[in-house]
Amino acid sequence: MTSPIPLPSWRLRISAQVRHEWNRQRGFLLFYWLLLIGAAIAVTRQQADSISVATQVAALMALVILARSVLADAPLDAEALVYSLPIGRSAVWSGKTVFLLVGLLAPWVIHQLIPFRGYGFNPWQWSVLAVEFVAMAVIWGSAFGVALSVGFSVGQRIVLVLGVIAAALTFSLFLEDEVWWITARACGVIVGFTVIACGLVAAWWLVGASCKPRMAWITLLGCGLTSVFLSKLWSIDWRRSGQAECQSAQLEVRASNDLSAGDQKLWPGLVLHGLPASDVASVIWLSPNSREERMTNRPLIGGLSSDFVQTALATGEMQPNAYWMREDFTVELSRVEPSQGLWMGCEVPNPRTAELRELWEESVKRYPEAVDQPWELRLAIFRLRKVVTMPGREAISEPWQVTLRPGLRLDVYLKELDYEGKLLLKADLRRRFPRWARLSSKDQFWPFGMEPKENFLVLWKSPSTEEVQVCLNDSEQSWPQNTLLLERWNQPQNLWIAHPSAHMAITGLTLDQWIDGSTLELWYPEFRGVVEMEVPAETVKEAVRLETVYRLENKQVSKLEMTPDQAAVFFAEETAE
């Protein structure tokens, strides 16, 4: 009796299958690689249309290669064992998997990662981003593999493949309309899709390697139900850590209109004392609510005057402020960057639409206890950080970009050299951040449950005219385009720099000389944390009185426009004098 011929080793059988796949599909695979290379070149040249077309064609080519690989030895075909008997079904499936991972998946992921250069990601964030693209490719690739494997006939396979395509389109439309749902349950959705990916791979193994289509359907059903339950019930949020808190032991709020060293005026009549040098405070809210109401991060009363959110007094509706940086930031910048020149620029709009008097009257009317109990003042602390210094000519010659913080990039280019006597720079704030990665303290800062807009400051220093222009960014309308993988939005900006027309006319200074002698600086407000303080009701009431006095003295309110309370304050001050 002759002994059976021993099979080659597992590694040799898999490598033989990989060589077989390469010989059959190298033409298709080389064309697929060329498409990805073309898409990568288009990305580097910022050709968005070319990127879209090349990527879509490459995706279709990847599906063709996947279908040819799966159907070559379809496990439910009558002749399947003719091809797989020499090395075994498991080796055939494993060889195909290695071929698809190396030939299709790895180039696809590399091509997807190229557009994220310049966003300041650390190695961990790059890894998370790569895993995200791998997971989505594995889900849809395995779904096509299962659909092509479990069908007994061409008709069944066509129906199943069309079902997968319909599911992919439905999922894309769902993402566009219900992305807020994924944002609110990001970690649960991530876990659910991970379970689905594992289930699809296991189902493909059960059909391709073990020829057990029934077990594959059971596995898919079980993983689908499990993913739904996990998405809804998952409570662990690894993306968020504790809110960054700043030390507030030395901070004090006073009712005063007099500023000493280190003081910052929050409102006319209310001053913050003891803030560390180079730090600036922005008001989140001043509220008389109870502790239980404060814990909701959205007080029922108060919060009517905030740097980050506009609140309609009549309806209570809120919307984020496009620009929340006040004059305090420019003042602090002038201390950090002393200059002999004149600081000038556009007037900074006050983001706090309500006066202290309005806040007090509205709060007392809705919540009478506010007259006696302490109020809560919540502040966000920032520190300006210089991220760019470049000559003026260089700033307008070529487009340039800078990373403000991980996941946030600013792209700048010259739009008009002379637009109604101004130099116009166009900028685009681009946010790209993987949903699976841990968030920074700034990303977790949501005043009133709303994401604050990103702000920055640009200085244009001109020694020839002894001027420092503060160029405020004029934000245009933007809409988030978040996906399952990424937090993504673009926020267009306009940067206006006025020509020194009078100086040019008097001294003969040319536009080129002014630009060549100037320097551009860009400063970013780095989030330090949150401070919560209790302010006695008496202090708030006294601040309201001082605010009224301040506005009357500065003629912000005429005598004819006085309310009865303001008139009483005014005549009391005159009598005292």
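All values derive from a computational prediction rather than experimental measurement. (Residues numbered from 1 in each chain as written. Predicted model: local features only at pLDDT ≥ 70, side-chain atom pairs only at ≥ 80, totals over all residues. Heavy atoms only, no water.)

**Q** Quick question: what am I supposed to make of the overall build of the protein here?
**A** Within the protein, the regular secondary structure consists of 17 helices and 15 strands. Every one of the 577 residues in the protein was classed for burial, and the buried ones make up 48%. Considering only intrachain contacts with a sequence separation of at least 6, the fraction spanning at least 24 residues in the protein is 70%. When the accessible surface of the protein is split by element, carbon and sulfur atoms take 60% of a total near 28,900 Å². (Helix = DSSP H or I, 4+ residues; strand = E, 2+ residues; numbered from the N terminus. Buried < 20%, exposed > 50% of the residue type's maximum accessible area, 1.4 Å probe, protein only. Contact = heavy atoms within 4.5 Å. Areas by Shrake-Rupley, 256 points an atom, 1.4 Å probe, with all protein chains shown as cover.)

**Q** Would you mind going over helix H8 (residues 186–208) with me for this structure?
**A** In an α-helix, one turn spans 3.6 residues; hence positions three or four apart end up facing the same way. Spanning 23 residues, H8 covers 33 Å between terminal C-alpha atoms, matching the ideal 33 Å at 1.5 Å per step. Counting buried residues in H8 gives 17 out of 23 residues, a clear majority hidden from the surface. (Expected span 1.5 Å × (residues − 1).)

**Q** I keep staring at the confidence of the model for the protein and nothing clicks. Help me out?
**A** Detailed conclusions should not be drawn from predicted coordinates in areas where pLDDT is low. Averaged over all residues, the pLDDT of the protein is 80; the fraction at 70 or higher stands at 82%. pLDDT under 50 marks residues 78–85. Its contacts with residues more than four places away, or in other chains, come to 7 contacts. (pLDDT = per-residue confidence, 0-100.)

**Q** Whenever I open this one, the packing of aromatic side chains confuses me. Can you help?
**A** Aromatic rings in a pair are described by how distant their centres are and how their planes are angled relative to each other. Scanning the model with the defined rule gives 20 aromatic pairs in all. Each ring, one from Trp 22 and one from Trp 33, has its centre 6.2 Å from the other, and the planes form 25°; the classification is stacked. In this structure, Lys 422 is placed above the aromatic ring of Trp 496, and the distance from its NZ or CZ to the ring centre is 5.6 Å. (Phe/Tyr/Trp six-rings, centres within 6.5 Å; stacked < 30°, edge-to-face > 60°. Lys NZ or Arg CZ within 6 Å of the ring centre and 35° of its normal.)

**Q** Help me understand the environment of Gly 95 in this model?
**A** For Gly 95, the position within the fold is in helix H4 (residues 89–113). Separated by 75 residues in the primary sequence, Gly 95 and His 20 have C-alpha atoms spaced 9.1 Å apart. In contact with Gly 95, other than residues within four places in its own chain, are Ile 14, Gln 17 and Val 18.

**Q** Can you help me understand the sheet that holds strand S2 (residues 264–267) in this one?
**A** Paired through their backbone hydrogen bonds, the strands of a sheet run either parallel or antiparallel. With respect to topology, 3 strands assemble into an open sheet ordered S1-S3-S2, the strand pairing being antiparallel. Where the open sheet ends on each side, the last strands, each with one partner, are strand S1 (252–256) and S2. Across the sheet, the mean angle separating the axes of adjacent strands is 35° when strand polarity is ignored. One ladder, built from 5 bridges, connects S1 with strand S3 (residues 269–273); its direction is antiparallel. What sits directly across from Arg 254, in S3, is Val 271. Sheet strands in contact with helix H16 (residues 537–553) are S1, S2 and S3, and its direction is about 45° off that of S1. (Pairing = 2+ DSSP bridges. Axes fitted to C-alpha atoms, helices over the stretch in contact; angles between N-to-C directions.)

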